[in-house]
Amino acid sequence: MDVFLQKFGLTRYDVSKRTGISQQTLSSANKKDPESYSVKILSALSNATGISPGEVLDQLFKIQKEEERFVVRNWEELKIAVDAMKERFLVEGEFTEVMKDVKSGQLSDTARLGTELGTGGGVGIIEALYYFVHRQLSGGNKEEEKLKDRLTSLYHIILLDEHTVELKLKSLSY
């Protein structure tokens, strides 16, 4: 659903405001396959985008079939992707510099495993404390720093090219 809405420059929040359908209902539907969407959801998406419910469903099926990815270009879209715990998504454009910065602070999986084994699992506590202190002293945007911390713990950051980064849930690798 998020990929579909992104093509219209909309978010689930926008659909909720335009149609009166709750964000919780949209969030729940977003986690399901389009074939299980209710008439209420399809109607809301239709009203918000200005296309027929049939066209909405056709486009949702096409997105699913072609495995199109959600594309992040700013902090708001990043928050949507991380909050929804999207399995995979792309970051494109100038925002890739933020991802490169986050990646430079990540340990490789091998280094993390070695550190975890060497400290008896205590490195996670030390790392959390480090990030907390860093956030407090950095003077940067606290919400953005928290989001970066979540990225570090949840996602592998894969540089595809100079202007494209893929993020993949770490849990999919195990």
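Residues numbered from 1 in each chain as written. Predicted model: local features only at pLDDT ≥ 70, side-chain atom pairs only at ≥ 80, totals over all residues. Heavy atoms only, no water.

Sorry, what's going on with the pattern of salt bridges here?
Note on pairing: side chains with opposite charge can pair once their charged atoms come close. Under the definition given, this model contains 10 salt bridges. Residue Arg-12 pairs with Asp-2 through a salt bridge whose shortest N-O separation is 2.7 Å. With a gap of 10 residues between them, Arg-12 in helix H2 (residues 12-19) and Asp-2 in helix H1 (residues 2-6) connect regions that are remote in the sequence. Judged by relative accessible area, Arg-12 falls into the buried class, the value being 16%. (Salt bridge = Lys/Arg side-chain N within 4 Å of Asp/Glu carboxyl O. Helix = DSSP H or I, 4+ residues; strand = E, 2+ residues; numbered from the N terminus. Buried < 20%, exposed > 50% of the residue type's maximum accessible area, 1.4 Å probe, protein only.)

I'm lost on the side chain of Thr-11 in this one. Help?
Assignment of secondary structure puts Thr-11 in the loop between H1 and H2. Relative accessible area serves as the criterion here: at 15%, Thr-11 is assigned to the buried category.

Teacher, can you tell me more about the side chain of Lys-148 here?
Mapped onto the fold, Lys-148 is located in helix H10 (residues 142-154). A residue is classified by how much of its surface remains accessible, and Lys-148, at 17% relative accessible area, is buried. Non-local contacts of Lys-148, meaning those with residues more than four positions away in its chain, are made with Trp-75, Val-98, Asp-101 and Val-102. (Contact = heavy atoms within 4.5 Å.)

I'm lost on the layout of surface pockets in this one. Help?
Empty pockets left among the atoms are what a rolling probe the size of a water molecule brings to light. Of the volumes computed, that of the largest pocket is approximately 740 Å³. Lining the largest pocket are 25 residues, with Met-1, Val-3, Asn-30, Glu-68 and Lys-86 positioned closest to its centre. Those elements that place two or more of their residues in the lining of the largest pocket are H1, helix H3 (23-30) and helix H5 (53-65). Residues belonging to the lining of the largest pocket are distributed by class as follows: 10 nonpolar, three polar and 12 charged. (1 Å grid on protein atoms, 1.4 Å probe; cavity = no way out; pocket = protein on both sides within 12 Å on 5 of 7 lines; lining within 4 Å. Points joined across faces, edges and corners; volume = space filled by probe spheres on them. Nonpolar A, V, L, I, M, F, W, Y, C, P; charged D, E, K, R; others polar.)

I'm lost on the confidence of the model for the protein in this one. Help?
Low pLDDT means the predicted coordinates in that region are not meant to be read closely. The predicted model of the protein averages 84 in pLDDT, with 78% of residues at 70 or higher. No element of the protein has a lower mean pLDDT than helix H8 (residues 109-118), at 59, and none a higher one than helix H4 (residues 39-49), at 96. (pLDDT = per-residue confidence, 0-100.)

Quick question: what am I supposed to make of the pairing of strand E3 (residues 155-161) here?
Within a regular strand, the side chains alternate between the two sheet faces. Bridge count between E3 and strand E4 (residues 164-169): six bridges; the pairing is antiparallel. Opposite Asp-161, over in E4, you have Thr-164 as the bridge partner. Here E3 hands over to E4 after two residues, the two strands then running antiparallel side by side. (Pairing = 2+ DSSP bridges.)

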